[in-house]
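# Descriptive structure summary
One letter stands for each residue in the lines below.
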Amino acid sequence: MQTTRRRTLALGAAAGLGALMPGVGRADPAVQALIDGFARGRGLAIGGITLTLPDVAENGFTVPISVAAPGATEILLIAPGNPVPALCTFRFGTAAPGGRAATRVRLARSQEVIALARFGDGRVARVSRPVEVTVGGCGA
């Protein structure tokens, strides 16, 4: 690979941007541990889950959120931007086979909320949605 002036400038700009924004491009170890623990060594599939929350939350103290994963036995909601990223876990037995849940959560700031679902056949799926929070709800 030949080094050109243009490539050198682009790499320098990317390095400078990375220094200014330390959280970009690096997964939070606590969030990654939550995901790995839930997945139990399985790969994450995309799809099979519907995550519904507002695009803009006026108040981070009470953000409505609903999740549906037909056939899921367990659903985990994660907010990586919160002081404690694990929001809640829903477990479904034979009496509640729908795999649907709704609640209200607190969000500290604008972020991407992650939903993980474990299905009866052992597969694990992931979906995420961004939400813009105008007033944070975790005192942070």
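Owing to the predicted nature of the structure, the values given are computational and were not obtained by experimental measurement.

## A few points about the sheet that holds strand 2 (residues 50-52)
Sheet strands pair by backbone hydrogen bonding; their relative direction is either parallel or antiparallel. Across the sheet, which stays open at both edges, the three strands sit in the order 2-4-7 with antiparallel pairing between neighbours. Of all strands in the sheet, those with a lone pairing partner are strand 2 and strand 7 (100-105), marking the two edges. In this sheet, adjacent strand axes meet at a mean angle of 15 degrees when their direction is disregarded. Bridge count for strand 4 (residues 63-68) against strand 7 is six bridges, and the pairing is antiparallel. Directly across from S66, in strand 7, lies its bridge partner A102.

## Topic: the nonpolar core
In this structure, L51, V67, I75, F90 and L107 are the most contacted members of the largest nonpolar core, which totals 25 residues. Only strand 4, strand 5 (72-78), strand 6 (86-91), strand 7, strand 8 (111-119) and strand 9 (124-133) provide two or more residues apiece to this core. Counting residues per element, this core draws most heavily on strand 8, at four residues. Formed by eight residues, the second largest nonpolar core is a distinct cluster that contains I35, L76, I114 and V124.

## Some words on helix 2 (residues 29-39)
Taken as a whole, helix 2 has its buried residues at V31, I35, F38 and A39. Viewed along the axis of helix 2, the buried residues span an arc of 100 degrees, placing them on a single side of the element. Buried positions along helix 2 lie against strand 1 (44-46), strand 5, strand 8 and strand 9. Backbone geometry just downstream of helix 2 places R40 in the positive-phi region, at approximately 55 degrees.

## Things to note about the pattern of salt bridges
As enumerated under the stated definition, the model contains four salt bridges in all. Taking the shortest distance from any N to any O, the salt bridge between D55 and R129 comes out at 2.8 Å. Of the two residues, D55 is situated in the loop between strand 2 and strand 3 (56-57) and R129 in strand 9; the sequence distance between them amounts to 74 residues. Residue D55 is classed as exposed on the basis of its relative accessible area, which comes to 55%. A relative accessible area of 24% places R129 in the partly exposed class. The salt bridge partner of R123 is D121, with a shortest N-O separation of 3.3 Å. Classification of R123 by relative accessible area gives partly exposed; the value is 39%. Of the residues examined, D121 reaches a relative accessible area of 55% and is grouped as exposed. In this structure, a network of salt bridges that share partners links the residues E74, R91 and R118.

## Some details on the layout of surface pockets
Within this model, the largest pocket holds a volume of roughly 160 Å³. Lining the largest pocket we find D28, P80, G81, R109, S110, Q111, E112, I114, R126 and S128. Listed by contribution, the elements that provide at least two residues to the lining of the largest pocket are strand 8 and strand 9. The element best represented in the lining of the largest pocket is strand 8, accounting for three residues.

Conventions we followed
- Residues numbered from 1 in each chain as written.
- Predicted model: local features only at pLDDT ≥ 70, side-chain atom pairs only at ≥ 80, totals over all residues.
- Heavy atoms only, no water.
- Pairing = 2+ DSSP bridges.
- Helix = DSSP H or I, 4+ residues; strand = E, 2+ residues; numbered from the N terminus.
- Axes fitted to C-alpha atoms, helices over the stretch in contact; angles between N-to-C directions.
- Core = buried A, V, L, I, M, F, W, Y, C linked by side-chain atoms within 4.5 Å.
- Buried < 20%, exposed > 50% of the residue type's maximum accessible area, 1.4 Å probe, protein only.
- Arc of directions from axis to C-beta.
- Contact = heavy atoms within 4.5 Å.
- Salt bridge = Lys/Arg side-chain N within 4 Å of Asp/Glu carboxyl O.
- 1 Å grid on protein atoms, 1.4 Å probe; cavity = no way out; pocket = protein on both sides within 12 Å on 5 of 7 lines; lining within 4 Å.
- Points joined across faces, edges and corners; volume = space filled by probe spheres on them.

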